[in-house]
Amino acid sequence: MTPSSDSPATAPVTHEPTPAEIRRWRRYLADERAEAAVYRDLAARRTGEEREILLGLAEAETRHENHWRTLLGPHVGHPRRGSLRSRLLGFLARHFGSVFVLALLQRAEARSPYEADDHATDAMAADEQIHEEVVRALATRGRNRMAGSFRAAVFGANDGLVSNLALVMGISASGVGSSVVLLTGLSGLLAGALSMGAGEYVSVRSQRELLEASTPNAETRHKVPLLDAEANELALFYRARGLGAEEAEAKAAAVLGGGHAEHAGPSPAVGPDEHEAVGTGLGAAASSFCFFASGAVLPILPYLFGLEGTVAVVVAAVVVGLALLSTGTVVALLSGSSPVRMALRQLAIGYGAAGATYALGLLFGTTVA
């Protein structure tokens, strides 16, 4: 989990620390203290192996904290608050303890400054790099548990935002009345939500059926003791599963002759539950329907409240823009990507699609007129 449980050797300081060094070391000290607290808060919400891993990470951060305290010596001063990022992580860990916190921690560990700081030891820099991979693995567990329904929810909402905004803006630009725009938006909401729900159900069900078709039949294991040892049909199973001919023959012979054949036949592979990662068809369909509808309703809110013309278009664009920034940020936090870059990308895609249909609406309206 971490390279060593011993305290890292302190890099020697042969001069009186400068004010800049003291400020930097105190900032490091505060951040390490805050990150250790975050890991402990997360561990308090976990059990078993995950709890032990998180507590191990907290211990490592405490070692780093002691390193900077030793370097500071009499300059350690009063405890400082951690950075805004560290305090935000602490708040989220205490109140939510979700995969989003782990994704943020993954990014935080990846941005460690120790590699370029002469007063941080090589062991500390290596620790931080290993921490990134440990947190990545923990976050992946959470992502797998929520992948199916969450993917349908987030991308369903995003599709609803973009498609209905583009539809509403295109129709508005053509010059039709607000009642027509509202009716068109409601129709787009219902049609899109039904289409997304049905499509997601078919997609997830098909994926699960493919997984089920590839999973060995557990009942077959009970037939293994009845196999003809001379014909050695079991070797064909092992060869079909990727073993070479000689290795398959040897393994099958060992199974048939070992007296434990009833426990050694075809069985589902041991590992992560792939069905859990895919999600259920009904769950994904319901999430997709609801979140597409929740996204698609935003562009028509101004018309539902009686706004008309340019004012309604501008309000719809602003509301949807804020929502696109939010969905982009959520996806970035979950995936460990840059929230700003992902949010701006979502906004650019949404506004680009809406702008294209708005231009077509203007062209169509002018042609009809």
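Above this text sits the structure in question.
Fair warning: this is a prediction, and the values are worked out from it, not measured in the lab.

Some details on the packing of helix α1 (residues 19-44) against helix α2 (residues 48-72)
Orientation of α1 relative to α2, taken along the N-to-C sense of each, is 160°, at an axis distance of 8 Å. Compared by their axis directions, α1 and α2 come out roughly antiparallel. In this structure, α1 crosses over α2, and the sense of that crossing is left-handed. Looking at the contact of α1 with α2, its residues break down into 16 nonpolar, 2 polar and 9 charged.

Quick word on the nonpolar core
Note on soluble globular proteins: their nonpolar side chains tend to be buried together. L165, Y303 and L324 are the most contacted members of the largest nonpolar core, which totals 22 residues. Elements that contribute at least two residues to this core include exactly α5 (122-173), α6 (178-214), α10 (281-296), α12 (309-335) and α13 (339-368). Top contributing element to this core by residue count: α12, with 6 residues. In contact with Y303, other than residues within four places in its own chain, are V168, S172, S178, V181, L182, G309, A312 and V313. Core analysis: the second largest hydrophobic core is formed by 18 residues, V38, Y39, V101 and L138 among them.

Some details on the packing of aromatic side chains
Counted under the stated rule, the structure contains 4 aromatic pairs. Ring geometry for Y28 against W68: centres 4.8 Å apart, planes inclined by 50°, an arrangement best described as tilted. Of this pair, Y28 sits in helix α1 while W68 sits in helix α2, and the two are 40 residues apart along the sequence. Assigned by exposure class, Y28 and W68 land together as buried. Ring geometry for Y28 versus Y114: centroids 5.4 Å apart, planes at 85°, classification edge-to-face. A residue pair is termed long-range when its members are at least 10 positions apart, and Y28 in helix α1 and Y114 in the loop between α4 (99-110) and α5 qualify at 86 residues. Its relative accessible area of 8% is what places Y28 among the buried residues. Accessibility expressed as a relative area gives 4% for Y114, which makes it buried. Each member of the aromatic cluster is reached from another via a ring pair, and the members are W25, Y28, W68 and Y114.

Digging into α2
Compared with the 36 Å implied by 1.5 Å per residue over 25 residues, the 37 Å span of α2 between its first and last C-alpha is a close match. G73 sits one or two positions beyond α2 and adopts a positive phi of about 55°.

About the cut-offs
Residues numbered from 1 in each chain as written. Predicted model: local features only at pLDDT ≥ 70, side-chain atom pairs only at ≥ 80, totals over all residues. Heavy atoms only, no water. Axes fitted to C-alpha atoms, helices over the stretch in contact; angles between N-to-C directions. Helix = DSSP H or I, 4+ residues; strand = E, 2+ residues; numbered from the N terminus. Parallel < 35°, antiparallel > 145°, perpendicular 65-115°, else oblique. Left-handed = near helix turned anticlockwise from the far one by under 90°. Nonpolar A, V, L, I, M, F, W, Y, C, P; charged D, E, K, R; others polar. Core = buried A, V, L, I, M, F, W, Y, C linked by side-chain atoms within 4.5 Å. Buried < 20%, exposed > 50% of the residue type's maximum accessible area, 1.4 Å probe, protein only. Contact = heavy atoms within 4.5 Å. Phe/Tyr/Trp six-rings, centres within 6.5 Å; stacked < 30°, edge-to-face > 60°. Expected span 1.5 Å × (residues − 1).

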